[in-house]
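If you want the building blocks of each chain, they are given just below.
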Amino acid sequence: MNTVAEEVKVIPNRTMEIANLYHKQSMALINLALTHNKLAIEASHQRAAELLQVNDTHAFSELVSKHMVNQVKEYLDFAVNAFQMGFESHAQVMDIFQNQIENNRTLTNEVLKSHALSGNPITTVAMVAVKNALDSSHAFLSNAKSLALETAASASSAISSKTK
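Values in this document were obtained by computation on a predicted structure and should not be read as measured data.

Rules behind the numbers
- Residues numbered from 1 in each chain as written.
- Predicted model: local features only at pLDDT ≥ 70, side-chain atom pairs only at ≥ 80, totals over all residues.
- Heavy atoms only, no water.
- Helix = DSSP H or I, 4+ residues; strand = E, 2+ residues; numbered from the N terminus.
- Buried < 20%, exposed > 50% of the residue type's maximum accessible area, 1.4 Å probe, protein only.
- Contact = heavy atoms within 4.5 Å.
- pLDDT = per-residue confidence, 0-100.
- Patch = residues over 30% accessible without salt bridge, like charges linked within 9 Å, V, L, I, M, F, W, Y side chains within 5 Å.
- Areas by Shrake-Rupley, 256 points an atom, 1.4 Å probe, with all protein chains shown as cover.
- Salt bridge = Lys/Arg side-chain N within 4 Å of Asp/Glu carboxyl O.
- Polar contact = N/O pair within 3.5 Å; in protein donor to acceptor, adjacent residues only side chain to side chain.
- Expected span 1.5 Å × (residues − 1).

If you tally the helices and strands in the chain, you get four helices and zero strands. Ordered by position from N to C terminus, the α and β elements of the chain give α-α-α-α. When each of the 164 residues of the chain is scored for burial, the buried share is 19%. When contacts within the chain are restricted to residue pairs at least 6 apart in sequence, long-range pairs at least 24 apart make up 84% of them.

This is the structure in structure tokens:
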């Protein structure tokens, strides 16, 4: 049973990992928002300066339309970046959950293989049921992780193709 006790000590605190990830993502989102606001203020000043230099009403109307389109693009870029950060953090959380399942499966296997339980037919049935449940959970989380990574990759490619 020493092996099981050692396994329990080795399993990291997943709650702290998720809290650290949340903190890191919150700071990154705040930084993204501040950067966006700074760029929006600078662009606003630039647009105002351009509008003050225009004397023709037709050119003024075209410039206002151009500025509006650029401003919408800037806000959409901000939204896409925020969504991409969300998808990436979702994939990281899925990694944490997958590691938790792997650690729990290892721990469960160690417990069920202990000498106190060996040779007991009920243990064998329970072990098969637990193994099937863990395999199903593992497959589900693997699929969810791959979907989250594909979504983040498609968001990244959309962003990179948009900025070209």
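Still more to cover.
Moving on: the confidence of the model for the chain. In this model, the chain carries a mean pLDDT of 80, and residues with pLDDT of at least 70 account for 83%. The secondary-structure element of the chain with the lowest mean pLDDT is helix α1 (residues 2–10), recorded at 53, while helix α2 (residues 14–53) shows the highest, at 91.

So, about a nonpolar patch on the surface. Together, Met-27, Ile-30 and Leu-34 give the surface a local cluster of nonpolar side chains, amounting to about 310 Å² of exposed area. On the secondary structure map, Ile-30 appears in helix α2.

Taken as a whole and judged by the stated rule, the model has two salt bridges. The salt bridge partner of Lys-38 is Glu-42, with a shortest N-O separation of 3.7 Å. With Lys-38 and Glu-42 both in helix α2 and four residues apart, this pair spans about one turn of that helix. Take Lys-38: its relative accessible area is 52%, and that puts it in the exposed class. Classification of Glu-42 by relative accessible area gives partly exposed; the value is 42%.

Attention now goes to the side chain of Ser-89. Following the sequence through the fold, Ser-89 ends up in helix α3 (residues 57–112). Residue class for Ser-89 comes out buried when judged on its relative accessible area of 18%. A polar side-chain atom of Ser-89 sits 3.0 Å from the main-chain carbonyl oxygen of Gly-86. With sequence-adjacent residues up to four places away left out, Ser-89 is seen in contact with Leu-21 and Gln-25.

So, on to α2. In a regular helix each residue adds 1.5 Å, so 40 residues correspond to 58 Å; α2 covers 58 Å between its end C-alpha atoms and thus fits that length. All buried positions along α2 are accounted for by Arg-14, Leu-21, Gln-25, Leu-32, His-36, Ala-40, Ala-43 and Arg-47.

Here Gln-98 is to be found in helix α3. Judged by relative accessible area, which is 14%, Gln-98 ranks as buried. Sequence separation between Gln-98 and Phe-140 is 42 residues; the distance between their C-alpha atoms is 9.6 Å. Excluding anything up to four places from it in sequence, Gln-98 contacts His-138, Leu-141, Ser-142 and Lys-145.

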